[in-house]
Amino acid sequence: ADGTVEIPVVVNVLYRTSAENISDAQIASQIATLNKDYGGTNADVTNIPAEFASVAAGDTKIRFRLDRVVRKSTTVRSWRTNDAMKKSSSKGQDAYQPASYFNIWVVGDMGGVLGYATFPESAGLWNDGVVIAAKYFGNTSSAPYNLGRTATHEVGHYLNLRHIWGDGNCATDYVDDTPTQQDKNFGKPTYPQYDLCGGVNRSIQFMNYMDYVDDAAMYMFSAGQKARMQAITSTSGPRAGLRV
Ligand code: ARG
Ligand code: ZN
Ligand code: CA
């Protein structure tokens, strides 16, 4: 009634080793983190600088509900970002009804890649969803990517968010309240950081989930990003099929 969309989630666990066959508790920790980050109830919202508090999304009104976990043993040792994990014909697991369920594939090693996602252009297709390497899924011991924010970031892409630097020097992410910045940021930058773009020096929003900083250094979406995600999941949007 308050317009919150609850997205049904299918977690496809593809494991070769027992460590890759992550526990139900680890899966639950990831769903809980997604709901906190998308609800604006993450403990570290208090770190948002006053300058950006007025444009912080707060509650995006998007939530996640674990519908089912599909587990499958595979002989694959290391995956590439080529969607092989999404097809049983290539030792992966086919998506479960991707037009109405958000599929996540949790895989073993991806050669250093934390995760990747499809954009809404792929809505409902066989490869639609997000892939995350097991050791970064949920609360893990893989610091500095140990807080489940790889999924927060990848789900942002699934819901039509671009990288905050627009994947180019001072490029656009099509969001007005994320200041234009020169490039991605890594690690744990100290606030403020300034970037010169088009002759204007701006304090950048490196603590946004759509930058590349450490899990502990990202803690906000902006109101403009919230609007993009809501448009995509609205009754007339490409991901309307996720609405129950
Ligand atoms: N490199 C990945 C991507 O571009 C994810 C980065 C996630 N960052 C993090 N702090 N977990 O989609
Ligand atoms: Zn990304
Ligand atoms: Ca922007």
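Residues numbered from 1 in each chain as written. Chains lettered and ligands numbered in written order. Predicted model: local features only at pLDDT ≥ 70, side-chain atom pairs only at ≥ 80, totals over all residues. Heavy atoms only, no water.

**Quick notes on unusual backbone geometry**
The cut-off we apply is this: The helix count covers DSSP runs of H or I at least four residues long, the strand count covers runs of E at least two residues long, and both are numbered beginning at the N terminus.
Cis peptide bonds are those with omega within 30 degrees of zero, and the linkage from Ala143 to Pro144 qualifies with 5 degrees. Here Pro144 lies in the loop between strand 5 (130-133) and helix 3 (149-158). Cis geometry marks the peptide bond from Tyr191 to Pro192, where omega comes out at -5 degrees. Topologically, Pro192 is positioned in the loop between helix 3 and strand 6 (194-197). Here the phi dihedral of Lys61 falls at roughly 60 degrees; this positive angle occurs in a residue that is not glycine. Inspection of the secondary structure puts Lys61 in the loop between helix 2 (50-53) and strand 2 (62-73). Although it is not a glycine, Gln97 adopts a positive phi angle of roughly 35 degrees. Tracing the chain through its elements places Gln97 in the loop between strand 2 and strand 3 (102-107).

**Remarks on the coordination of the calcium ion (ligand 3)**
Operational definition: For Na, K and Ca the donor cut-off is 3.2 Å, while for other metals it is 2.8 Å, and in both cases only N, O and S atoms qualify; water is not among them, so sites may look incomplete. In this scheme, a residue with accessible area under 20% of its type's maximum is buried, one over 50% is exposed, and one in between is partly exposed, where area comes from a 1.4 Å probe on protein chains only.
At this site the calcium ion (ligand 3) is bound by Asp173 (OD), Val175 (O), Thr178 (O) and Thr178 (OG1), with donor distances of 2.3 to 2.5 Å. Mapped onto the sequence, the residues coordinating the calcium ion (ligand 3) show the spacing D-x1-V-x2-T. The burial state of Asp173 is the same as that of Val175; both residues are buried.

**A closer look at the pattern of salt bridges**
What counts, and what does not: Any Lys or Arg side-chain nitrogen found within 4 Å of a carboxyl oxygen on Asp or Glu counts as a salt bridge.
One pass over the structure, following the stated rule, counts 10 salt bridges. In this structure, the salt-bridge partner of Asp67 is Arg65, at a minimum N-O distance of 3.6 Å. For Asp67, a relative accessible area of 28% corresponds to the partly exposed category. Asp67 is paired through a salt bridge with Arg68; the nearest N and O atoms lie 2.7 Å apart. One salt-bridge network, in which partners are shared between bridges, spans Glu6, Arg65, Asp67 and Arg68.

**With respect to the packing of helix 1 (residues 24-39) against helix 3**
We apply this condition: For helices, the fitted axis covers only the stretch in contact; all axes are lines through C-alpha atoms, and the angles between them, taken along N-to-C directions, range from 0 to 180 degrees. Working rule for angles: under 35 degrees goes down as roughly parallel, over 145 as roughly antiparallel, 65 to 115 as roughly perpendicular, anything else as oblique. Less than a right angle of anticlockwise turn of the near helix away from the far helix marks a crossing as left-handed, whereas a clockwise turn marks it as right-handed. Residue contacts are counted whenever heavy atoms from the two residues lie within 4.5 Å of one another. Each residue receives one of three labels: charged for Asp, Glu, Lys and Arg, nonpolar for Ala, Val, Leu, Ile, Met, Phe, Trp, Tyr, Cys and Pro, and polar for the others, Gly being one of them.
Packing of helix 1 against helix 3 brings their axes to within 9 Å, and their N-to-C directions diverge by 60 degrees. The angle between helix 1 and helix 3 places the two elements in the oblique class. Considering only the axes of helix 1 and helix 3, their crossing is right-handed. Contacts between helix 1 and helix 3 pair Gln30, Thr33, Leu34, Asp37 and Tyr38 from the former with Arg149, Ala151, Thr152, Val155 and Gly156 from the latter. When grouped by side-chain class, the residues that make up the contact of helix 1 with helix 3 number 4 nonpolar, 4 polar and 2 charged.

**Some details on the coordination of the zinc ion (ligand 2)**
On the protein side, the zinc ion (ligand 2) has His153 (NE2), His157 (NE2) and His163 (NE2) as donor atoms, found 2.0 Å from it. The sequence pattern formed by the donor residues of the zinc ion (ligand 2) is H-x3-H-x5-H. A residue pair is termed a helical-turn pair when its members lie 3 or 4 positions apart in one helix, as His153 and His157 do in helix 3 at 4 residues. The buried category is assigned to His157, whose relative accessible area is 7%.

**Some thoughts on the sheet that holds strand 2**
Threshold: DSSP bridges decide pairing: two strands pair if at least two such bridges lie between them.
Pairing is mixed in the open sheet, where 5 strands are placed in the order 2-1-3-5-4. Edge positions in the sheet fall to strand 2 and strand 4 (115-117), since each of these pairs with one other strand and no more. The mean angle between the axes of side-by-side strands here comes to 20 degrees, regardless of whether they run parallel or antiparallel. Summarising the sheet, strand 4 and strand 5 pair through 3 bridges and their orientation is antiparallel. Within strand 5, the residue paired with Gly115 across the bridge is Ile132. Strands in contact with helix 1 are strand 1 (5-15) and strand 2; relative to strand 2, the strand with the most contacts, it is inclined by about 155 degrees.

**Details of the site of ligand 1**
Filter applied, for reference: Put simply, a residue is near a molecule or strand once any heavy atom of it comes within 4 Å of that molecule or strand. Under this definition, polar contacts are N or O atom pairs within 3.5 Å; protein pairs additionally need one hydrogen-donor-capable and one acceptor-capable atom, and for neighbouring residues in sequence, both atoms have to be side-chain atoms. Per-residue and other accessible areas follow the Shrake-Rupley method at a 1.4 Å probe size, with only the shown protein chains counted as cover for residues. Cavities and pockets are found on a 1 Å grid laid over the protein atoms alone: a cavity is a set of points where a 1.4 Å probe fits but cannot escape, a pocket is an open set with protein on both sides within 12 Å along at least five of seven lines, and a lining residue has an atom within 4 Å of such a point. Pocket occupancy is defined atom-wise: a molecule lies in a cavity or pocket when more than half of its atoms are within 2 Å of its grid points.
Lining the immediate environment of ligand 1, one finds 14 residues, of which Thr150, Glu154, Tyr212, Val213 and Asp215 sit closest. In this structure, an oxygen atom belonging to ligand 1 sits 2.4 Å away from a side-chain N or O atom of Glu154. A distance of 2.4 Å separates an oxygen atom of ligand 1 from a polar atom in the side chain of Tyr212. When the free accessible area of ligand 1 is taken as 350 Å², the share hidden by the protein chains comes to 89%. For ligand 1, the cavity whose grid points lie within 2 Å of the majority of its atoms is the largest pocket. Examining the composition of the shell around ligand 1, we find that 5 residues originate from one element, helix 3, more than from any other. Each residue belonging to the shell around ligand 1 can be placed in one class, and the counts come to 5 nonpolar, 5 polar and 4 charged.

Geometric values such as these leave the question of function open.
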